[in-house]
Every structure is written in C-alpha cells, then in structure tokens.
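# Survey of secondary and tertiary structure
Here is how the chains run, residue by residue.
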Amino acid sequence: MIEAPISTPPQAYMDIISSLIDKARGFLEAGEKLQAFAFVGNLTTKEVIPVMIHPGSVEDKDQSALELQSAALALDADFVFAIMEAWSLRPNKIPQMNAILDKYGSIGASPYAIDTCSFTLETRHGVWAAQPQIKPKGISKKKRTIGVVEFRYFKEVEGRFMHLLPKKENDEPPTILH
C-alpha cells in the first residue's frame, strides 16, 4: 500500500468500530495477545458477525478469507473490519524494506521489526487502515497498549483479506465520503 493521508472513516463506521478498537486495547492492557478477528457488518440492520482469522498457513489464511466472504454475502455486508497483531518495520527502515526482506526472509525475522496492531476497514467506498505500534504499558512485562489510532484512506488495495464484500448492482468505484 502506498502512504496515504490521515483520514478518519465516516462516522457511521466509527460508531461501530470505536468500541472494537477499545476492546482490542483492553485485551493488550490486560496482558493478553490479540486473536485475529474480522467483524463483518451491515449498517442498515446493525448486525455484526465476528469471524476468527487463522493466520497460520497459506491454506488457513485462504480458508479464513472464504469464511469472511461467505459471512459478508450472508449479511449483505457493508463493511469488514479486521483486527490482528502484526509486524512492521521501524519508520527509518522502510526505505530498506526490500533489502531487509532479502536478507532475513520476513519483517518479523529481522531485528528491525516492531509489534503493531493492524486495523483495516473495507467499505464500498475504499479501505481505511491503521497500524499503531504496540508498546509496553508501564513497567509491566506482559501488559501492552496502543496509542492513538490514526487511519489512512487507500483507494487501491490488494491482498487475500481485501475485496471481501459482495458486489452490488449500483456499486461505483471507491470515493471518500463524509
């Protein structure tokens, strides 16, 4: 994904996902690891279905993506909001990403990895993503937390866990709407 400007998702989505972000922060602050989950929702019916994501093997990830697509179809979903722990590079190492991948095989295997909490919100209007760093909470060895969650808007995204929403007749290319 190419760096995009900070952009808060529309309020209708924020009304739903803000409490999910707070719950994720609460799990981290209680010393727990985050289980990867996606929440598939319909804004009209206000129904939201949690779907566990299995981030292990390629087959597990493919199966999780199929389960998300099935839930989105069954719910006639307007959004998919995913939460998971992830690794990212320290900001000063991002320009060397390809060299780091060549040398270590993955970001997580490199000494430059930082723990992050990955939030992605797919809507019919595009994708918002945030990746705040997970930091220790106080002097605790187990308790961790995240700071302010700043979303960025992306018009074009690719990946196994993208394009999960069912197509609708009147779908138009993504545009930001507020």
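The following paragraphs examine the structure supplied in this document. Quantities reported herein were computed from a predicted structural model and do not represent experimental measurements. (Residues numbered from 1 in each chain as written. Predicted model: local features only at pLDDT ≥ 70, side-chain atom pairs only at ≥ 80, totals over all residues. Heavy atoms only, no water.)

## A few points about unusual backbone geometry
The phi torsion of most residues other than glycine is negative, and most of the peptide bonds are trans. Positioned with a positive phi, Lys46 is a non-glycine residue whose angle comes to about 65°. If you trace the backbone, Lys46 turns up in the loop between β1 (37-41) and β2 (48-52). Even without glycine at this site, Asp76 takes up a positive phi of about 50°. Looking at the element boundaries, Asp76 is found in the loop between α2 (58-75) and β3 (79-89). Residue Asp76 is classed as partly exposed on the basis of its relative accessible area, which comes to 37%. (Helix = DSSP H or I, 4+ residues; strand = E, 2+ residues; numbered from the N terminus. Buried < 20%, exposed > 50% of the residue type's maximum accessible area, 1.4 Å probe, protein only.)

## Notes on the pairing of β3
Among the 11 residues in β3, 8 count as buried, and that is most of the element. Sheet topology places β1 next to β3; 5 bridges connect them, and they run antiparallel. Across the sheet, residue Val40 finds its bridge partner in β3, namely Val80. (Pairing = 2+ DSSP bridges.)

## Focus: the nonpolar core
One finds Phe81, Ile83, Phe119 and Phe151 to be the most contacted residues of the largest nonpolar core, which totals 24 residues. Here the element with the most residues in this core is helix α1 (residues 11-29); it accounts for 8 residues. Ignoring sequence-local partners within four residues, the contact set of Phe119 consists of Ile21, Ala24, Phe81, Ala82, Ile83, Trp128, Ala129, Ala130, Pro132, Ile146, Val149 and Phe151. Core analysis: the second largest hydrophobic core is formed by 15 residues, Ala71, Leu75, Ala82 and Leu164 among them. (Core = buried A, V, L, I, M, F, W, Y, C linked by side-chain atoms within 4.5 Å. Contact = heavy atoms within 4.5 Å.)

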